[in-house]
Amino acid sequence: MSRAEDPQQTYREFTDAVNMKPGELSRWLESDESKHVGWHKKGTQGGESVGHDSGRRIVDLLRRKRADLTAADYKHMRKVIGYVHRHLAQRPAGDVRDTRWRWSLMNWGHDPLKG
């Protein structure tokens, strides 16, 4: 089993990457800022962004018991880990508090302003 396929390692990396609590992320996902950032799949004009959809799934994953997580859940966790790491590497200069960069990361469960 590769490191990326190890459920324990994936869970640890996921909980490191996702630094927002389920309730906090749920509230964020209801905001206008959350709904207006992100990439939309081809043919989904005006619909939900990929990150916003992921955020709803992250809330579900955080609220579930580890024993109830499926292979598909771990696959999504690896997707979240990859996104957060890639996006953090693209941090813009200056204050990021009110930026689409931060809002997009928050849709994926990571607030870069949190310590």
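Refer to the structure above for everything that follows.
Residues numbered from 1 in each chain as written. Predicted model: local features only at pLDDT ≥ 70, side-chain atom pairs only at ≥ 80, totals over all residues. Heavy atoms only, no water.

Engineer: Any chance you could explain the nonpolar core here in plain terms?
Structural biologist: In a soluble, globular protein the nonpolar side chains are often hidden away together inside. With 25 residues, the main nonpolar core has Phe14, Leu25, Trp28 and Val80 as its most contacted residues. Sorting the residues of this core by element identifies α1 (7–17), α2 (22–29), α4 (50–63), α5 (71–88) and α6 (100–107) as the ones contributing at least two each. Looking at which element gives the most residues to this core, the answer is α5, with six residues. In this structure Val80 touches Phe14, Val18, Ser54, Ile58 and Trp108, once residues within four positions along its chain are discounted. (Core = buried A, V, L, I, M, F, W, Y, C linked by side-chain atoms within 4.5 Å. Buried < 20%, exposed > 50% of the residue type's maximum accessible area, 1.4 Å probe, protein only. Helix = DSSP H or I, 4+ residues; strand = E, 2+ residues; numbered from the N terminus. Contact = heavy atoms within 4.5 Å.)

Engineer: Quick question: what am I supposed to make of the pattern of salt bridges here?
Structural biologist: Working definition: two side chains of opposite charge can pair if their charged atoms are close together. Considering all chains together, one arrives at seven salt bridges under this definition. Note that Glu48 is salt-bridged to Arg56, the shortest N-O span being 2.8 Å. In this structure, Arg102 and Asp111 form a salt bridge, with 2.9 Å as the shortest nitrogen-oxygen distance. A single burial state applies to Arg102 and to Asp111, both of which are buried. Each member of the salt-bridge network shares a partner with another, and the members are Arg57, Asp60, Arg64 and Asp73. (Salt bridge = Lys/Arg side-chain N within 4 Å of Asp/Glu carboxyl O.)

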